[in-house]
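Close look at the chain arrangement
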Amino acid sequence: MPARRPHATAIAAEPAAELSRIARPLRLSEEVSGELKRRISRGEIKPGDRLPTEKALGEAFGVSRAVVREAIARLKADGLIETRQGSGAFAVAAPKAINLRFWKGAGPGLVELRDIFELRAVVEGAVAELAAQRRDENDLRAMREHLEAMDEALESGVDGTVADDSFHIALAHATHNAYIGRLVEFLGQHFSDSRKLAWLDNNLQFRLPQASQREHRALLDAIARGDAAAARRRALEHLRGAAGRLGIPLALDLDGNGLATRVPRKR
């Protein structure tokens, strides 16, 4: 059964230049997904087998259903399982060939973090712009529910990464483009680790996620108004703010204004 992990230490606002990795303990969902992967590889869970319910898995591993849900999403992103409406999750006959991982080891390097924030800016800016034009009341309701879940996490002083991920996935579904929704669901499991960093500042009275939450609300407000240009701008401001709070400057050319901050691209 996975052991619960202690809170990580606070993230410095200006990381030292020599810092090459950001230490990150395994999340419970990673431990659960890792154990399920091992069972699949050993043949204990065979192709076509239906996985136990979220409740049953939660009881077996001693974790919440939210943790199980995130673990299942990770396995789905890796092509190891598929979910069927109303039937549950099943091991697939042949794992999909694409398996994207953004970093290796205990945590992301600072250069890798800069690159992943740039990728998020490219994807999430365009998604926000389209969502503002196509969203309906159901989409807005879903996004508000996830924001409220993050508010509750802030009030309780707990990790709200799952709700944060869900907010961005709901935003993608608001484009009403099935492929965009599936792409963001897939990437979201990998983007999740960059969001997780903001929720680890337990020694900073949660100032990082509070700032992020203000940006989320400004983004949702623009989407609710149907202002596509403002939605894109707010999405980019959120990514720039999130990266900046970790001491990572993002180039201005991401804003599409023709101006660029020359950030060294050394590897």
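Here's a quick rundown of the structure. Since this is a predicted model, take the numbers as computed values, not measurements. (Residues numbered from 1 in each chain as written. Predicted model: local features only at pLDDT ≥ 70, side-chain atom pairs only at ≥ 80, totals over all residues. Heavy atoms only, no water.)

1. Here we look at the pattern of salt bridges
Heads up, the rule is: Throughout this description, the term salt bridge denotes a Lys or Arg side-chain nitrogen within 4 Å of a carboxyl oxygen of Asp or Glu. In this text, helices come from DSSP runs of H or I with a minimum length of four residues, and strands from runs of E with a minimum of two, each type numbered from the N-terminal end. Here's how the labels work: a residue is buried when its accessible area is under 20% of the maximum for its type, exposed when over 50%, partly exposed in between, all with a 1.4 Å probe on protein chains only.
Evaluated as defined, the whole model comprises 17 salt bridges. Ionic pairing is found between E30 and R74, a salt bridge with its closest N-O pair at 3.9 Å. Of this pair, E30 sits in helix α1 (residues 28-41) while R74 is found in helix α3 (residues 65-77), placing the two residues 44 residues apart along the sequence. Across this residue pair, the class does not change: E30 and R74 are buried. The partner of E124 in a salt bridge is R120, with the nearest N and O atoms 2.9 Å apart.

2. Remarks on a negative patch on the surface
Rules: Patch membership needs two things, relative accessible area over 30% and no salt bridge, and members are linked within 9 Å if like-charged or within 5 Å if nonpolar (Val, Leu, Ile, Met, Phe, Trp, Tyr). Values of accessible area rely on a 1.4 Å probe in the Shrake-Rupley scheme; residue burial ignores everything except the protein chains shown. In this tally, Asp and Glu contribute negative charge and Lys and Arg positive charge; neither His nor the terminal groups of the chain are included. Charged side chains are reduced to one point each, which is NZ for Lys, CZ for Arg, CG for Asp and CD for Glu.
Residues E145, E148, E152 and E155 make up a contiguous surface patch of negative charge. In this structure, E152 sits in helix α5 (residues 137-156). On the accessibility criterion, E152 (51% relative accessible area) is exposed.

3. Section: the packing of α5 against helix α8 (residues 207-225)
Stated precisely, the cut-off is as follows: All axes here are fitted lines through C-alpha atoms, helices being fitted over the stretch that makes contact, and every angle between N-to-C directions spans 0 to 180 degrees. When an angle is under 35 degrees it counts as roughly parallel; over 145 it counts as roughly antiparallel; between 65 and 115 it counts as roughly perpendicular; any other value is oblique. By the definition used in this description, the sense in which the near helix is turned from the far one sets the handedness, with an anticlockwise turn below a right angle giving left-handed and a clockwise turn giving right-handed. Here a residue-residue contact requires only that any non-hydrogen atoms of the pair lie within 4.5 Å. Residues are grouped as follows: Ala, Val, Leu, Ile, Met, Phe, Trp, Tyr, Cys and Pro are nonpolar; Asp, Glu, Lys and Arg are charged; all remaining types, including Gly, are polar.
Where α5 meets α8, the closest approach of the two axes is 11 Å, and the angle between their N-to-C directions is 165 degrees. Judged by the angle between their axes, α5 and α8 are roughly antiparallel. Where α5 crosses over α8, the two elements pack in a sense that is left-handed. Residue-level contacts link L140, M143, R144, L147, M150, D151 and L154 of α5 to P209, Q210, Q213, H216, R217, L220, I223 and A224 of α8. A per-class count over the contact of α5 with α8 returns nine nonpolar, three polar and three charged.

4. Brief notes about helix α9 (residues 228-244)
Just so we agree on the cut-off: How far a helix is expected to stretch is found by multiplying one less than its residue total by 1.5 Å. In the analysis that follows, any N or O atom pair within 3.5 Å is treated as a polar contact, provided that within protein one partner can donate a hydrogen and the other can accept it, and provided that, for residues neighboring in sequence, both atoms belong to side chains.
Here α9 spans 24 Å end to end across 17 residues, near enough to the 24 Å set by a 1.5 Å rise per residue. Along α9, the residues that are buried comprise A228, A230, A231, A235, L236, H238, L239, G241, A242 and A243. Of the residues that open α9, the one with a side-chain oxygen 3.4 Å from the backbone nitrogen of A229 is D227.

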